[in-house]
Amino acid sequence: MKVIIRNNASEGSLWAAHYIAGQINAKAAVTAEPFVLGLCTGSTPIETYAELIRMVKAGEVSFRNVISFNMDEYVGLPESHPESYHSFMHKYLFDHIDEKPENIHILDGNAADPVAECAAYEKAIAEAGGFDLFLGGVGEDGHIAFNEPFSSLESRTRVVTLTRDTREVNARFFGGDYNKVPRQALTVGVATVLSAKEVVILAFGSKKAAALKDAIEGPLSHYCTLSGLQTHPAGTIVCDELSVGELKVNSYRYFKAVEEAETK
Ligand code: GLP
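Cut-offs used in this document
- Residues numbered from 1 in each chain as written.
- Predicted model: local features only at pLDDT ≥ 70, side-chain atom pairs only at ≥ 80, totals over all residues.
- Heavy atoms only, no water.
- Pairing = 2+ DSSP bridges.
- Helix = DSSP H or I, 4+ residues; strand = E, 2+ residues; numbered from the N terminus.
- Buried < 20%, exposed > 50% of the residue type's maximum accessible area, 1.4 Å probe, protein only.
- Right-handed = clockwise from strand over helix to strand, strands pointing away.
- Axes fitted to C-alpha atoms, helices over the stretch in contact; angles between N-to-C directions.
- Parallel < 35°, antiparallel > 145°, perpendicular 65-115°, else oblique.
- Left-handed = near helix turned anticlockwise from the far one by under 90°.
- Contact = heavy atoms within 4.5 Å.
- Nonpolar A, V, L, I, M, F, W, Y, C, P; charged D, E, K, R; others polar.
- Core = buried A, V, L, I, M, F, W, Y, C linked by side-chain atoms within 4.5 Å.
- Near = heavy atom within 4 Å.
- Polar contact = N/O pair within 3.5 Å; in protein donor to acceptor, adjacent residues only side chain to side chain.
- Areas by Shrake-Rupley, 256 points an atom, 1.4 Å probe, with all protein chains shown as cover.
- Salt bridge = Lys/Arg side-chain N within 4 Å of Asp/Glu carboxyl O.

Undergrad: Now, about the sheet that holds strand E5 (residues 104-105): what can you tell me, with residues and values included?
TA: Pairing is parallel across the open sheet formed by seven strands, whose spatial order is E1-E10-E9-E6-E2-E3-E5. Pairing within the sheet leaves two strands with one partner each, and these edge strands are strand E1 (2-6) and E5. As defined by bridge partners, strand E3 (residues 66-70) adjoins E5 across two bridges and the pair is classed as parallel. Among the inter-strand pairings, Ser68 is bridged to a residue of E5, identified as Ile104.

Undergrad: Break down the pairing of strand E9 (residues 199-203) for me, with residues and values.
TA: Sheet faces and side chains relate simply in a regular strand, where the side chains alternate between the two faces. Of all five residues in E9, five are buried, a share of seventy percent or more. Here E9 shows a buried face lined by Val199, Ile201 and Ala203 and a second buried face lined by Val200 and Leu202. The pairing of strand E6 (residues 133-136) with E9 spans three bridges and is parallel. Bridging across to E9, Phe134 finds its partner in Val199. Of the pairings in the sheet, the one linking E9 to strand E10 (residues 235-240) comprises five bridges and is parallel in character. Residue pairing across strands places Ala203 opposite Cys239, the latter belonging to E10. With helix H7 (residues 209-217) bridging E9 and its parallel neighbour E10, the resulting β-α-β unit is right-handed.

Undergrad: Report on the packing of helix H1 (residues 9-30) against helix H2 (residues 46-57), specifying residues and quantitative values.
TA: Following both chains from N to C, one finds H1 and H2 inclined at 50°, their axes separated by 8 Å at the closest point. On the basis of the axis angle, H1 is oblique to H2. In this structure, the crossing between H1 and H2 has a hand that is right-handed. Residues Ala9, Ser10, Ser13, Leu14, Ala16, Ala17, His18, Ile20 and Ala21 of H1 touch H2, and the partners they reach there are Glu47, Thr48, Glu51, Leu52, Arg54 and Met55. Broken down by class, the residue content of the contact of H1 with H2 amounts to eight nonpolar, four polar and three charged.

Undergrad: Give a detailed account of the environment of Arg6, specifying residues and quantitative values.
TA: Positionally, Arg6 belongs in strand E1. The spacing of Arg6 and Leu242 is 236 residues in sequence and 9.5 Å in space, taken between C-alpha atoms. Among all residues touching Arg6, those that are not within four sequence positions of it are Glu11, Gly12, Trp15, Cys239, Asp240, Glu241 and Glu259.

Undergrad: Just give me the short version of the nonpolar core, but keep the residues and values in it.
TA: In this structure, Tyr49, Phe63, Leu135, Leu226 and Ile237 are the most contacted members of the largest nonpolar core, which totals 66 residues. Excluding residues within four positions of it along the chain, Phe63 makes contact with Ile24, Leu37, Leu52, Val56, Ile97, Asp98, Glu99 and Lys100. Ranked by size, the runner-up nonpolar core spans ten residues in total, among them Leu77, Tyr85, Val181 and Ala185.

Undergrad: Account for the pairing of E3, with residues named and values stated.
TA: With five of five residues buried, E3 is to be regarded as a mostly interior element. Side chains Val66, Ser68 and Asn70 project from E3 onto one buried face, and the interleaved Ile67 and Phe69 project onto a second face that is buried too. Once you follow strand E2 (residues 35-39) into H2 and on to E3, the crossover reads as right-handed.

Undergrad: For the site of the ligand, give the residues involved together with the corresponding values.
TA: In the neighbourhood of the ligand, 14 residues make up the surrounding shell, with Ser43, Thr44, Asp72, His143 and Lys208 lying closest. Here an oxygen atom of the ligand and a side-chain polar atom of Ser43 are 2.7 Å apart. Summarising the interface, the protein chains cover 94% of the accessible area of the ligand, which totals 390 Å² for the free molecule. Residues belonging to the shell around the ligand are distributed by class as follows: five nonpolar, six polar and three charged.

Undergrad: Provide a residue-level description of the packing of H2 against helix H3 (residues 85-92), including the pertinent values.
TA: In contact at an axis separation of 10 Å, H2 and H3 are set at 40° when each is read in the N-to-C sense. Relative to H3, H2 is oriented oblique. Residues Ile46, Tyr49 and Ile53 of H2 form the contact with H3, whose participating residues are Phe88, Met89 and Tyr92. A class-by-class count of the residues in the contact of H2 with H3 yields six nonpolar, no polar and no charged.

Undergrad: Residues and numbers for the pattern of salt bridges, please.
TA: As enumerated under the stated definition, the model contains twelve salt bridges in all. The partner of Lys2 in a salt bridge is Glu262, and the shortest N-O contact between them spans 3.1 Å. Remark: Glu262 occurs in helix H8 (residues 249-263) and Lys2 occurs in strand E1; sequence separation between them is 260 residues. Taking the relative accessible area as the measure of exposure, Lys2 reaches 39% and is therefore partly exposed. Residue Arg64 pairs with Asp98 through a salt bridge whose shortest N-O separation is 3.3 Å. Separated by 34 residues along the polypeptide, Arg64 in the loop between H2 and E3 and Asp98 in the loop between H3 and E5 bring together distant segments of the chain. A relative accessible area of 51% places Arg64 in the exposed class. One salt-bridge network, held together by shared partners, links Lys27, Asp132 and Lys197.

Structure below.
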């Protein structure tokens, strides 16, 4: 696992955007095959998406040959609801880039048969060739996508029940009332994320410090589903000084030293 530590969230977001664009461009230089990208929601990726939009407009990267699959969606929230992940993605990314609408995939939280919807999603990911890169965030309790604590690290796309903690954290988007936050979601599984050739996780701010400590220094455990990244051959956490505040000093120095040595 690599941990890229930047001074603040803005610097981390720029790093991530440039990294993702670089990977899209690198694949485009050698093959006409599409780049398959996993995407996340939440407040964390907004600046990364803003930089990707700027890069598309500046001609520095194109999403014309990108196929994307989002991580998750609330169950029962209309797609047009301002807090649906459909709305979020269009507002903060898709409406401003050149990705083809038919290449955008987001789980349908209103599907008549949610189990079939989840199975079809896994099938579509496989048919697209699997993920080149999955971009994710992390919840305060260490969850990745909506894989709450004690989700199997072998989990695949499925219906999940959200914890009270997650609903309370996300209540800020629903007028502060956790009762308005849907009780269930559809989410890719931990194993779905880890099936990507590469996983990049964004984590900024002191509220993520405990989750990063568990994920990076703690044991591999379904208690902190992000810890599954420890088994991935190409996992990177992009964070800021605040979010690594609970790491051991020696861990912090190790990651800084590795990055310094690799960029010299
Ligand atoms: C939700 C999403 C996660 C996201 C998390 C953190 O739970 N399902 O994918 O990582 O929120 O959100 P934020 O970036 O707002 O802290």
